[in-house]
Amino acid sequence: MSLTPLQAAEIVRCKADFRYFQRTYLRLVNKDAQTVNMKPNAAQRSVAADLAAFLWLMYLKSRQLGVSAEVAAWYLWKAMFNPNVHVLATAHHAHSVQEMFRKFYYTYYVNLPDWMKDAFWLRGTKRSVPKNNEIHFFHGGRVVISSANSEKARSGTYNYLHLSEFSRYQNLQDTIAAVLGTATPGAQVVFETTANGPNAAYEMWSGLGEFAQARQIERRFIGWPVDERAVGKRVGLTGDRYRVDLGVNETTGQKEIYEVDFATEPLSALEVQYQKDHGLSIEQMAWFHCILTQKYAGSWNTTNQECPITADVAFILGGKPYFTVKYIEAMHGEDAEGLAVFDEPQKFRTYVMGVDVAKGGPDGNWSAAAVIDATTPSDLFDVATLGGRYPVLDFARLIHALALKYRAFVNVESNDAGSAVIEMLLELHYPYLSRRVQLTRATDKLEERVGFHTGAASRTLALGKMHDALARNVYTPRCDRIKRAINVFVYNDKGKPEAAKGRRDDFVFAPAMAIICLDQIGRHREDTTHTRRPETIQEVLLWERATGREYIPDYEVFGNDNDGGVADQILSGRGPRSVMDVMNRISGVGGR
């Protein structure tokens, strides 16, 4: 077709000015289900500035901010006004692919003026109507929308790539590697997503582990307060009534308009603290209150995942967490192998140690141990933790040394490699070991077993004990490794509690092993508080504080608690290495 001078001038201007093209010619369906001209909001204006400045971008965002719409507008502009430019947009499943195509690319193109569609006609279609989730311009420009695991996403070459909702991709690292294999040199790549719990996408966002190179990507978090629409409007000139318009419900097709009266329905204590922590206006809190109570049925976890206010909250409270407590301060950083000591052993204190043993090996799972001060049953806390990829016998040697150091009551998970640790502790005559009596099928007799065997029922029991201790503030973890493990322990798709994909559970089960055996340590508590006679007024006070009893001289025969410093030597790598060496250098440890 031949263009008029005015039309030709418009094409020249649109090619040179994205903002002008977007505001003048692109239309989309708004939250009220009306097709309107695209007027970028604050979040979209920020995204447009980023797209013009950077080749690699990663967005973590709240829902309904229009980030995907802005990226799609930019990429359509690139493919439409630049011959032979290829765009690939990927989503996590077929439904999302279709939604992205219809909601953005299809809607943008079919609502262009007829003369512009005639000028930028499409190959292989009649009436210039896009189909099959693709747009092929006559000049070779092309937009392809596909699922991240499809052949389309792994073949061809693309100048612009948009990986939408990447937190929901299966096998994230392999999928991204395959998709990025189609990128041309100098391609622009945009990752964007809402959070989906503390999964592999969190590691990518944080640049942890196998995603260390992701630290080079420009990262942006866009929370819900950026949205100018996320406010309630006061009803009348005075009072505490606000009307909140959430737009049309995509499922029912009905508008969702709510009215909040803070005079009769005041903010909860959690909401008040949330407002204070983030400096939110009462109008913003009216919107948030409706989102929390009406849209997400009072679930803070779901609300924080879908409408996060910080990146940490998005990941830590996303997904389906098993534990009710979360530790935002432990979100960042990677677990370091080795021993962490928070308190040295103190006289007259009672310690219990839980041990989770892996098979060992440089690429295997971690083995872990947690020593907990159990002097006061209602005030449990970590005093030392040990973790890493240790050969089993080396780990057993460290466990023995740590047990000696704290004179701890030890509960070892006896499954698989745990039996080797138990065997060494028995060979070394360590006295304070958790034991259980069970009926054996072979002999139909009761037999005593050392350690804790984890089966389906006992696993649930151990996790339940730890859940209860954390929920009631009976147990206070101080180790960041334990806090991180708690943060990422979630329900899987089948409802089983486990570590999120790509994360570890060793520092959940180590303290759980300690907590579940607390009902066995009565005699051990007596032993540790009567090891030796207090010699000074200060020690008498410590003894009385630990036991809750008045100290009476000669009331008890006190024993000896001296390992000659061998435990500290072993933990520091300077001590004896064999079982016989240990036995020859320690005598009478733990006994009376």
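These notes cover the structure that comes with them. Given the structure is predicted, the values throughout are model-derived calculations rather than measurements. (Residues numbered from 1 in each chain as written. Predicted model: local features only at pLDDT ≥ 70, side-chain atom pairs only at ≥ 80, totals over all residues. Heavy atoms only, no water.)

**Quick notes on the overall build of the chain**
The following threshold applies: By the criteria applied, helices consist of DSSP H or I runs no shorter than four residues and strands consist of E runs no shorter than two, each listed in order from the N terminus. Exposure categories follow from relative accessible area, calculated using a 1.4 Å probe and restricted to protein chains: below 20% of the type maximum is buried, above 50% is exposed, and the middle band is partly exposed. Residues count as neighbours in contact if any of their non-hydrogen atoms are within 4.5 Å of one another.
Looking only at helices and strands, the chain features 21 helices and 22 strands. Looking at the 592 residues of the chain, the share that counts as buried comes to 52%. When contacts within the chain are restricted to residue pairs at least 6 apart in sequence, those whose partners lie at least 24 apart make up 66%.

**A look at the sheet that holds strand β10 (residues 233-234)**
Where strands meet in a sheet, backbone hydrogen bonds hold them as pairs that are either parallel or antiparallel. For the record, the criterion: When DSSP finds two or more bridges between a pair of strands, those strands are recorded as paired.
One open sheet holds the three strands; their spatial order is β10-β11-β12, and the pairing between them is antiparallel. On the outer flanks of this sheet lie β10 and β12 (255-261), each paired with one strand and no other. For β10 and strand β11 (residues 241-248), the ladder comprises two bridges, and the chain directions are antiparallel. When the bridges of β11 are listed, Lys233 appears paired with Arg243.

**Remarks on helix α7 (residues 172-180)**
Quick reminder of the rule: This arc describes the spread of directions from the helix axis toward the C-beta atoms.
Leu172, Thr175, Ile176 and Val179 are the residues of α7 that are buried. Each buried residue of α7 lies within a common arc of 95 degrees when the element is viewed along its axis, so the set occupies one face. Turned more than 90 degrees away from the buried face of α7, the exposed residues are Asp174 and Ala177. The inward-facing, buried residues of α7 contact β4 (86-91), β7 (158-164), β8 (183-193) and α8 (200-206).

**Quick word on unusual backbone geometry**
For Asn133, which is not a glycine, the phi torsion comes out positive at approximately 60 degrees. Within the secondary structure, Asn133 sits in the loop between α6 (114-119) and β5 (134-136). Even without being glycine, Glu165 reaches a positive phi, approximately 50 degrees. For Glu165, the position within the fold is in the loop between β7 and α7. Relative accessible area serves as the criterion here: at 10%, Glu165 is assigned to the buried category.

**Brief notes about the pattern of salt bridges**
Here the idea is simple: oppositely charged side chains can pair when their charged atoms come close. As a reminder, the rule being used: Criterion for a salt bridge: a side-chain nitrogen of Lys or Arg within 4 Å of a carboxyl oxygen of Asp or Glu.
A full pass over the atoms with the stated rule returns 24 salt bridges. Where Arg168 meets Glu165, a salt bridge forms, and the shortest distance between an N and an O atom there is 3.0 Å. For the pair shown, Arg168 and Glu165 are each scored as buried. Note that Arg241 is salt-bridged to Glu259, the shortest N-O span being 2.6 Å. Note that Arg241 is positioned in strand β11 and Glu259 in strand β12, a separation of 18 residues in sequence. A residue is classified by how much of its surface remains accessible, and Arg241, at 35% relative accessible area, is partly exposed. Within this structure, Lys61, Glu165, Arg168 and Glu192 form a network of salt bridges that share partners.

**Examining the environment of Asn196**
Within the element layout of this structure, Asn196 appears in the loop between β8 and α8. Under the relative-accessibility criterion, Asn196 is labelled partly exposed at 27%. Remark: the alpha-carbon pair of Asn196 and Phe315, spanning 119 residues in sequence, is separated by 6.7 Å.

**Describing the side chain of Asp506**
Worth spelling out the cut-off: In the analysis that follows, any N or O atom pair within 3.5 Å is treated as a polar contact, provided that within protein one partner can donate a hydrogen and the other can accept it, and provided that, for residues neighboring in sequence, both atoms belong to side chains.
Along the chain, Asp506 turns up in helix α17 (residues 506-516). Taking the relative accessible area as the measure of exposure, Asp506 reaches 3% and is therefore buried. Separated by 2.8 Å, the side chains of Asp506 and Arg504 make a polar contact. Apart from the residues within four sequence positions on either side, Asp506 is in contact with Asp356, Trp366 and Ala368.

**Thoughts on the environment of Val313**
Positionally, Val313 belongs in helix α12 (residues 311-316). A residue is classified by how much of its surface remains accessible, and Val313, at 9% relative accessible area, is buried. When the C-alpha positions of Val313 and Ile328 are compared, they lie 7.2 Å apart, and in sequence the two are 15 residues distant.

**Here we look at the packing of aromatic side chains**
Applicable threshold: To pair, rings of Phe, Tyr and Trp, with the six-membered ring standing in for Trp, must have centres within 6.5 Å; the planes then decide the type, stacked if under 30 degrees apart, edge-to-face if over 60, and tilted in the middle. Throughout this description, the term charge over a ring refers to an Arg CZ or Lys NZ atom that lies within 6 Å of the ring centre and within 35 degrees of the ring normal.
As enumerated under the stated definition, the model contains 30 aromatic pairs in all. Each ring, one from Trp366 and one from Phe507, has its centre 6.5 Å from the other, and the planes form 75 degrees; the classification is edge-to-face. With Trp366 in the loop between β14 (351-356) and β15 (367-373) and Phe507 in helix α17, this pair connects stretches of sequence that are 141 residues apart. Given a relative accessible area of 1%, Phe507 falls into the buried group. Between Arg102 and the ring centre of Tyr106, over which it is positioned, the NZ or CZ distance is 3.9 Å. Note that Arg504 overlies the ring of Trp366, its terminal NZ or CZ placed 3.8 Å from the centroid.

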